[in-house]
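Per-entry structural report
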Amino acid sequence: GLDMKALCFEENEKLDLTEYTQAALVTTCLAMTAVLKEQGITPDITAGLSLGEYAAIAAAGGMDPMDAIRLVRKRGILMQAQAILDMRLKALQGLDREKLQAACETAAALGVATIANYNCPGQIVITGRTENVEEAAEKLREAGAKRTIMLNVSGPFHSPLLKAAGEELAEELEKVTLHPLAVPYVTNVTAGTVEDIGKTRELLAEQVSSPVRWMQSMEAMIADGVDTFVEIGPGKTLAGFLKKISRDVTVYNVGTWEDVEKVKGALC
C-alpha cells in the first residue's frame, strides 16, 4: 500500500517517521541483497542490527521479503504508539567495556536508564526518560566517558518500556509464514546463532524491548570462524563498529553499484 520507490528515492518527511523509516531501510537492504545474489554472492550466515535482523532473516531464507517489509512497518507503528515523548536514546563513547557495563548496570538498578545497544568496544546506547538519561549520562561522564551523543530517534527503542509493543508484534508474527533457514542467522536478543526457524517469532517479539547485542554477535561470529563480512545498506556504520571489535577480519560495504562490482571482484 506504499509507493516505496517514491519513499526511498524522493525527498519527503515520511522518512522521519519510524513506520516508514523501517520499511524503507529493509526494502533497500533486501533489494541490494537480491542484486548480490544475482551476482553469485551468497552468505554462509547473516545478522542485522535491530530492524536489520528482518533483512537478515529474509536473506537467510526464513521469511519472504514482502513479509519482512510488512512486519517492520507494523513494528514501527507499534513502537511509535508505545513511545513516550520525553524518552530519549543517547550514545556514549570512550569508557572501557567493564567500566561502561558496571556504570550502566548501576543506572539500570536505580531505574534511571537501561542499555539499548551494545555497538562496539567503548560505545553503548542508553535509553529512558530524558531527564534520567541525562542524569545517567552525567554519571557515565564522571566515570570516564569521553563523549555523549543524543540520538535523533522518536522513542525509547529496545527499552523494557516497549514490552507491550513486542506483545502486539507477536500477534502479527503469528500471521506470517516462516520457512526453514537456508543458512543460520545471529539474533540480537542473545547474540546466539539461530538454526531453527521455530524460535524466530519469539525472538523478534522479545527484540523490541531487549538490548541489541551487536558487539557480542560479531564476537560470536568471529569466534565461529567468520572472517569476511559484507555490510549491505546505506552508510558504513556497522563496518565502523566491526573495525573496533576486530582488526583481523575483512569488511566490505555495499551501498552503490560500484560497491557490488568491487565485492564481486574480491569474492567471486
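Summary of the structure given here. In this text the structure is predicted, and so the values were computed from the model without any measurement.

1. Digging into the pairing of strand β3 (residues 114-120)
- Counting buried residues in β3 gives 6 out of 7 residues, a clear majority hidden from the surface.
- Taken together, the 5 bridges between β3 and strand β4 (residues 123-129) define a ladder with antiparallel strand orientation. The partner of Tyr-118 across the bridge, within β4, is Ile-124.
- Remark: 2 residues form the turn of the hairpin made by β3 and β4, two consecutive strands paired antiparallel; Gly-122 in that turn has positive phi of roughly 85 degrees.
- For β3 and strand β8 (residues 212-213), the ladder comprises 2 bridges, and the chain directions are parallel. Opposite Tyr-118, over in β8, you have Arg-213 as the bridge partner.

2. Here we look at the nonpolar core
- Judged by nonpolar contacts, the single largest core of 38 residues is most densely connected at Val-26, Leu-30, Tyr-54, Met-63 and Ala-68.
- Of all the secondary-structure elements, those providing two or more residues to this core are α1 (4-9), α2 (18-38), α3 (52-59), α4 (65-82), α7 (163-173) and α8 (200-207).
- Setting aside residues up to four positions removed in sequence, Ala-68 forms contacts with Val-26, Leu-30, Tyr-54, Ala-58 and Met-63.
- Residues Ile-115, Val-133, Phe-229 and Ile-245 belong to the second largest nonpolar core, which totals 21 residues.

3. Looking at the pattern of salt bridges
- Evaluation of the coordinates by the stated rule reveals 3 salt bridges.
- The salt bridge partner of Asp-67 is Arg-70, with a shortest N-O separation of 3.4 Å. In this pair, Asp-67 and Arg-70 both sit in helix α4, 3 residues apart, roughly one turn of the helix.
- Owing to a relative accessible area of 17%, Asp-67 belongs among the buried residues under this scheme.
- Two residues, Lys-175 and Glu-172, come together in a salt bridge whose shortest N-O distance is 3.3 Å.
- The exposure class of Lys-175 is exposed, given its relative accessible area of 63%.

4. Here's the deal with the packing of α7 against α8
- Where α7 contacts α8, the two axes come as close as 8 Å, and the packing angle between them is 150 degrees. Considering their axes alone, α7 and α8 lie roughly antiparallel with respect to each other. Considering how the two elements wind past one another, α7 and α8 form a crossing that is right-handed. Where α7 approaches α8, its residues Gly-166, Leu-169, Ala-170 and Leu-173 are matched on the opposing element by Arg-201, Leu-204 and Ala-205.

5. Some remarks on the side chain of Glu-53
- Of note, Glu-53 is situated in helix α3.
- Contacts of Glu-53, omitting those with residues within four sequence positions, involve Gly-48, Tyr-185, Val-186, Thr-187, Asn-188, Leu-204 and Gln-207.

6. Focus: the sheet that holds strand β1 (residues 46-47)
- A sheet is described by the order of its strands in space; here 3 strands give the open sequence β1-β6-β7, paired in mixed fashion. On the outer flanks of this sheet lie β1 and β7 (193-194), each paired with one strand and no other.
- Pairing analysis gives 2 bridges linking strand β6 (residues 185-186) to β7, with the strands arranged antiparallel. The residue of β7 that forms the bridge with Tyr-185 is Val-194.

So, how was this worked out
- Every chain is numbered independently, its residues counted from 1 as its sequence is written.
- Since the coordinates come from a predicted model, pLDDT governs what is reported: local features require at least 70, and pairs of side-chain atoms require 80 or more to be given and counted, while whole-chain, interface and lining totals use all residues.
- With hydrogens and water set aside, each side-chain value is computed from the structure's full complement of heavy atoms.
- Note on exposure labels: buried denotes an accessible area under 20% of the residue type's maximum, exposed denotes more than 50%, and partly exposed covers the range between, all computed with a 1.4 Å probe on protein chains only.
- In this text, helices come from DSSP runs of H or I with a minimum length of four residues, and strands from runs of E with a minimum of two, each type numbered from the N-terminal end.
- Any two strands with at least two DSSP-identified bridges between them are counted as paired.
- We define a nonpolar core as any set of buried Ala, Val, Leu, Ile, Met, Phe, Trp, Tyr and Cys residues linked to one another through side-chain atoms lying within 4.5 Å.
- The contact rule is simple, with two residues in contact once any of their heavy atoms fall within 4.5 Å.
- Salt bridges are defined as contacts in which a side-chain nitrogen from Lys or Arg sits within 4 Å of a carboxyl oxygen from Asp or Glu.
- Here an axis means a line fitted to C-alpha atoms, over the contact stretch when the element is a helix, while the angle between two N-to-C directions is reported on a 0 to 180 degree scale.
- When an angle is under 35 degrees it counts as roughly parallel; over 145 it counts as roughly antiparallel; between 65 and 115 it counts as roughly perpendicular; any other value is oblique.
- Rotating anticlockwise by less than a right angle from the far helix to the near helix defines a left-handed crossing, while the corresponding clockwise rotation defines a right-handed one.

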